[in-house]
Amino acid sequence: MTTAQPQDLDVQPSPLALLLLGREADPRSERGVECPGDLPSPSDPNLVARARAAKEKLGDKVFVLGHHYQRDEVIQFADVTGDSFKLARDAAARPEAEYIVFCGVHFMAESADILTTDDQKVVLPDLAAGCSMADMATAEQVAECWDVLTEAGVAEQVVPVSYMNSSADIKAFTGKHGGTICTSSNARRALDWAFEQGEKVLFLPDQHLGRNTAVRDMGMSLDDCVVYNPHKPNGGLTAEELRAAKMILWRGHCSVHGRFSLDSVNDVRERIPGVNVLVHPECRHEVVAAADYVGSTEYIIKALEAAPAGSKWAIGTELNLVRRLANRFASEGKEIVFLDKTVCFCSTMNRIDLPHLVWALESLAEGTLVNRIEVDKETEAFAKLALERMLALP
């Protein structure tokens with residue numbers, strides 16, 4: 001009996017494996033393909049100098065945006081830093097910049113393209129930098145959900161509210177159906193507005209932000225919320241359940257914030273007496289309920305800026321930001337730790353590394369446009385309508 005050798009087997013990587021490796025495209029996903037061309041070696045000691053030289057050569061033609069969750073090696077080259085919506089607005093405020101290099105993930109670059117002028121070109125250094133949460137709601141799935149709501153006789157009562165962390169297609173669906181976009185900092189205002197327009201809300205794609213805002217901030221009960229699972233017939237819900245619900249939550253979540261547990265909170269309180277637990281509202285409901293403070297990325301930063309010297313904090317958000325804040329405030333005697341014992345970066349956000357940034361900047365400096373993110377005009381029009389409704393919120 002002989003054993004087949006690996007080279008003798010006709011084994012092909014699955015489409016999912018190729019997608020996760022960034023080597024294939026999925027039209028239903030917001031993740032793309034690996035970038036063309038050769039990246040510089042990550043061990044190249046001249047990467048920082050090369051990035052600086054390319055950026056200086058481009059001058060005012062380039063505007064680099066850096067999301068808070070980016071690596072330090074990348075964030076040092078950002079002209080501005082912030083959360084996803086702040087960065088998209090910052091890009092729109094710089095119409096003189098021909099190139100917007102967005103160091104973030106795909107849906108953020110799409111939002112920047114929607115809000116900037118037609119003459120500006122948005123570049124994502126690695127097209128495989130997607131968002132698992134945004135991928136959990138595809139246009140086809142959401143259209144099917146609306147059909148389910150229509151058959152249950154409730155669609156006319158439903159106003160869609162979509163989190164900023166969604167694809168352009170989902171934002172366009174939201175705009176087309178009379179809804180608005182929200183961020184983690186204005187979700188309450190968005191829901192207040194939505195309930196003035198209709199009796200129910202379809203909240204996409206993060207169930208935790210929707211549930212936490214409705215229950216913690218607006219006084220609803222958990223029984224007012226149902227979860228629509230796109231992988232089950234009719235979302236796993238009966239028509240009666242849909243008619244009784246106020247919040248129809250899409251079954252999506254953040255792969256980073258969803259990791260934090262009640263055990264994480266209890267453990268850190270035992271390890272660090274007097275610690276303040278501060279978490280992002282994308283965390284599970286039981287984690288948010290057990291925390292001392294809850295807020296967006298910007299809220300977290302401002303809370304730590306205002307915190308007294310010597311205070312202790314356990315932060316439930318992405319590790320790159322937590323480490324950066326810990327280093328920033330160490331001189332003030334503020335003890336800042338990651339809420340979970342397990343190290344957890346945002347893996348797709350971390351695809352934007354220094355070699356990809358150098359490659360993108362050097363390509364632009366040589367006159368070659370790479371990895372452009374461009375939203376088609378119809379999608380852009382409806383997505384922009386939803387975003388403008390958010391901007392008009394009181």
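Here the structure is a predicted model, which is why all the values come from computation and not from measurement.

Thresholds applied
Residues numbered from 1 in each chain as written. Predicted model: local features only at pLDDT ≥ 70, side-chain atom pairs only at ≥ 80, totals over all residues. Heavy atoms only, no water. Core = buried A, V, L, I, M, F, W, Y, C linked by side-chain atoms within 4.5 Å. Buried < 20%, exposed > 50% of the residue type's maximum accessible area, 1.4 Å probe, protein only. Helix = DSSP H or I, 4+ residues; strand = E, 2+ residues; numbered from the N terminus. Contact = heavy atoms within 4.5 Å. 1 Å grid on protein atoms, 1.4 Å probe; cavity = no way out; pocket = protein on both sides within 12 Å on 5 of 7 lines; lining within 4 Å. Points joined across faces, edges and corners; volume = space filled by probe spheres on them. Nonpolar A, V, L, I, M, F, W, Y, C, P; charged D, E, K, R; others polar. Polar contact = N/O pair within 3.5 Å; in protein donor to acceptor, adjacent residues only side chain to side chain. Pairing = 2+ DSSP bridges. Axes fitted to C-alpha atoms, helices over the stretch in contact; angles between N-to-C directions. Right-handed = clockwise from strand over helix to strand, strands pointing away. pLDDT = per-residue confidence, 0-100.

(A) Just the nonpolar core, in detail. Ranked by size, the top nonpolar core spans 109 residues in total, and within it V101, F203, M247, V279, I336, L339 and L361 carry the most contacts. The element contributing the most residues to this core is helix 16 (residues 354–365), with 8 residues. Setting aside anything within four residues of it in sequence, one finds F203 in contact with V161, C182, L191, L209, G210, M247, I248, L249 and W250. Membership of the second largest hydrophobic core comes to 21 residues, among which are V142, A152, A155 and V226.

(B) Examining the layout of surface pockets more closely. One number sums up the size of the largest pocket: a volume of about 550 Å³. Elements with a contribution of two residues or more to the lining of the largest pocket: helix 4 (84–92), helix 9 (187–197), helix 10 (207–217), helix 14 (297–306) and helix 17 (377–391). At 5 residues, the largest contribution of residues to the lining of the largest pocket is made by helix 10. Taken together, the residues of the lining of the largest pocket sort by class into 9 nonpolar, 8 polar and 9 charged.

(C) Looking closely at the side chain of E362. Among the structural elements, E362 can be located in helix 16. In this structure the side chain of E362 is engaged in a polar contact, spanning 2.8 Å, whose partner is the side chain of R50. For E362, the residues in contact, after removing those within four places along its chain, are R50 and A54.

(D) Highlighting the sheet that holds strand 3 (residues 99–103). A sheet is described by the order of its strands in space; here 5 strands give the open sequence 2-1-3-4-14, paired in mixed fashion. The strands lining the two open edges of the sheet, one partner per strand, are strand 2 (80–82) and strand 14 (372–373). Where strand 1 (residues 62–67) meets strand 3, 5 bridges bridge the pair, whose relative direction is parallel. Paired with L65 across the strands is F102, a residue of strand 3. Sitting on the sheet, helix 4 is in contact with strand 1, strand 2 and strand 3, with an inclination near 170° to strand 1.

(E) View of the environment of G258. With respect to the helices and strands, the residue G258 is situated in the loop between strand 9 (247–250) and helix 12 (262–271). A residue is classified by how much of its surface remains accessible, and G258, at 8% relative accessible area, is buried. G258 sits 58 residues away from G316 along the chain, and the two C-alpha atoms are 9.8 Å apart.

(F) Local environment of the sheet that holds strand 13 (residues 335–338). Strands sit in the order 11-10-12-13 across an open sheet of 4 strands; the sheet is parallel. The open sheet has two free edges, formed respectively by strand 11 (293–294) and strand 13, since each of these has just one partner strand. In this sheet, strand 12 (residues 312–316) lies alongside strand 10 (residues 276–279) in parallel orientation, the contact comprising 4 bridges. Paired with V277 across the two strands is A314, which belongs to strand 12.

(G) Inspection of the pairing of strand 5 (residues 158–163) at higher detail. Where burial is concerned, most of strand 5 is hidden: 6 out of the 6 residues are buried. Residues V158, P160 and S162 line one face of strand 5 and the alternating positions V159, V161 and Y163 line the opposite face, and both faces are buried. As judged from the 5 bridges shared by strand 5 and strand 7 (residues 200–204), these two strands associate in the parallel manner. Residue pairing for strand 7: S162 is matched across the bridge by L204. Here 3 bridges tie strand 5 to strand 6 (residues 180–182), and the two strands are oriented parallel to one another. Bridge pairing links Y163 to C182 in strand 6. With helix 8 (residues 168–176) bridging strand 5 and its parallel neighbour strand 6, the resulting β-α-β unit is right-handed.

(H) Layout of helix 5 (residues 106–115). Counting buried residues in helix 5 gives 10 out of 10 residues, a clear majority hidden from the surface. Looking only at helix 5, the buried set comprises H106, F107, M108, A109, E110, S111, A112, D113, I114 and L115.

(I) Main features of the confidence of the model for the protein. Residues of the protein with pLDDT of at least 70 account for 90%, and the chain-wide mean is 89. Note that pLDDT drops below 50 for residues 1–23; the model gives that stretch 17 contacts with residues more than four away or on any other chain.

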